[in-house]
Amino acid sequence: MTENSIVTQSNPNMSNNGTTPPQVEEMGFDLTGELDRLEDLILSGVRIPFISKTLIAEDVLLNQLDLIRINLPDCFEQATQILQQRQKILTDAQTYAQKIVENAQRKASQLLDESRIVQQAESQAYQIRRQVQQDCENLQQKTVTEVEQIRQKIQQDAVKIRQQAITEAEEIQNEADVYADQVLSRLERDLAQMLRIVSNGRQQVYQQKLTPSQKVSDNMNKKAS
């Protein structure tokens, strides 16, 4: 076990059995902030004297890890796999370099009487070690750059998705307005037609109540108008 081991403890006020991890809005998840909070949970744990251990509420820590894991995009998982592969490459390169150095040192020890060969072997070992170290540093920097590019792409995709959702919502609203206008227009035409029918009906009733002389007078007034 390492010196800075972490001992988890259950929080009596919270239960992890059947508890759904906290949810966050899709567009509002702050990965950096949640990682900082996870770090704060670890650093704020109770230190156990003499054994270099830290007590941390297990359910709180697991909930925080679940929160990060649930909201972690697939690209971040791919980035983690890349980092693991890079770390394996770094380890293999360091192991290979160590073997080369050990072989060079072994050969140099066998040729102690030939100082020139010994110095040349040590120089080569040093150069190889420096080259491998430089390659490891370059590879690590490249990995960090790739992860940063993935993170930026994820943020850009999130902005695009949000903008697309807003645009689609506006289009749906516009279509609803057009549909409502069409319905009201048809209703207006139907009401106008009904008013004409009612007016004609009233006119017929009125004509039926008139005497023959009144009908002739009314017709003459209509022709005059």
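Computed from a predicted model, the values in this text were never measured in an experiment. (Residues numbered from 1 in each chain as written. Predicted model: local features only at pLDDT ≥ 70, side-chain atom pairs only at ≥ 80, totals over all residues. Heavy atoms only, no water.)

Draft legend 1. Region of interest: the overall build of the protein. Within the protein, the regular secondary structure consists of 5 helices and 3 strands. Seen in sequence order, the protein has helices and strands lined up from the N terminus as β-α-β-β-α-α-α-α. Residue burial in the protein is summarised as follows: out of 225 residues, 17% are buried. The contacts in the protein between residues at least 6 apart in sequence include a share of 73% that link residues at least 24 apart. If you sum the accessible surface of the protein, you get close to 18,000 Å²; carbon and sulfur atoms cover 53% of it. (Helix = DSSP H or I, 4+ residues; strand = E, 2+ residues; numbered from the N terminus. Buried < 20%, exposed > 50% of the residue type's maximum accessible area, 1.4 Å probe, protein only. Contact = heavy atoms within 4.5 Å. Areas by Shrake-Rupley, 256 points an atom, 1.4 Å probe, with all protein chains shown as cover.)

Draft legend 2. Quick peek at the environment of glutamine 140. Within the fold, glutamine 140 resides in helix α4 (residues 115-209). In this structure, the C-alpha to C-alpha distance between glutamine 140 and leucine 83, residues 57 residues apart in sequence, is 8.8 Å.

Draft legend 3. Spotlight on helix α1 (residues 31-43). Here α1 spans 18 Å end to end across 13 residues, near enough to the 18 Å set by a 1.5 Å rise per residue. Taken together, the buried positions of α1 are Leu31, Glu34, Leu38 and Leu41. Projected down its long axis, α1 carries its buried residues within an arc of 80°, all on one side. Away from the buried face of α1 by more than 90 degrees, exposed residues Thr32 and Leu43 are located. (Expected span 1.5 Å × (residues − 1). Arc of directions from axis to C-beta.)

Draft legend 4. A look at the pattern of salt bridges. On inspection of all chains with the given rule, the structure shows 4 salt bridges. The shortest N-O distance in the salt bridge between glutamate 146 and arginine 86 comes to 3.6 Å. Taken as a pair, glutamate 146 in helix α4 and arginine 86 in helix α3 (residues 74-110) lie far apart in primary sequence, 60 residues in all. Overall, glutamate 146 belongs to the partly exposed group, its relative accessible area being 21%. (Salt bridge = Lys/Arg side-chain N within 4 Å of Asp/Glu carboxyl O.)

Draft legend 5. Region of the structure containing the side chain of glutamine 64. In this fold, glutamine 64 is placed in helix α2 (residues 58-71). Those residues within four positions of glutamine 64 in sequence are excluded, and the remaining contacts are Glu34, Arg37, Leu38 and Leu41.

Draft legend 6. Examining a negative patch on the surface more closely. Side chains of Asp30, Asp36, Glu39 and Asp40 sit close together on the surface and give a patch of like negative charge. Considering the arrangement of structural elements, one finds glutamate 39 in helix α1. Note on glutamate 39: relative accessible area 44%, which makes it partly exposed. (Patch = residues over 30% accessible without salt bridge, like charges linked within 9 Å, V, L, I, M, F, W, Y side chains within 5 Å. Lys, Arg positive; Asp, Glu negative; His and termini not counted. Charge placed at Lys NZ, Arg CZ, Asp CG, Glu CD.)

Draft legend 7. Region of interest: the pairing of strand β3 (residues 53-57). The element β3 is extensively covered by neighbouring structure, given that 4 of its 5 residues are classed as buried. Bridging between strand β2 (residues 46-48) and β3 involves 3 bridges; their strand directions are antiparallel. In the strand pairing of β3, valine 46 is matched with leucine 55. The antiparallel hairpin formed by β2 and β3 contains 4 residues in its connecting segment, where phenylalanine 50 sits at a positive phi of about 75°. (Pairing = 2+ DSSP bridges.)

Draft legend 8. Structural context of α2. Compared with an ideal rise of 1.5 Å per residue, which puts 14 residues at 20 Å, α2 spans 20 Å between its outermost C-alpha atoms and is within 8% of the ideal. Turning to α2, its buried residues number three or more, namely Asp59, Val60, Leu61, Asn63, Gln64, Leu67, Ile68 and Asn71.

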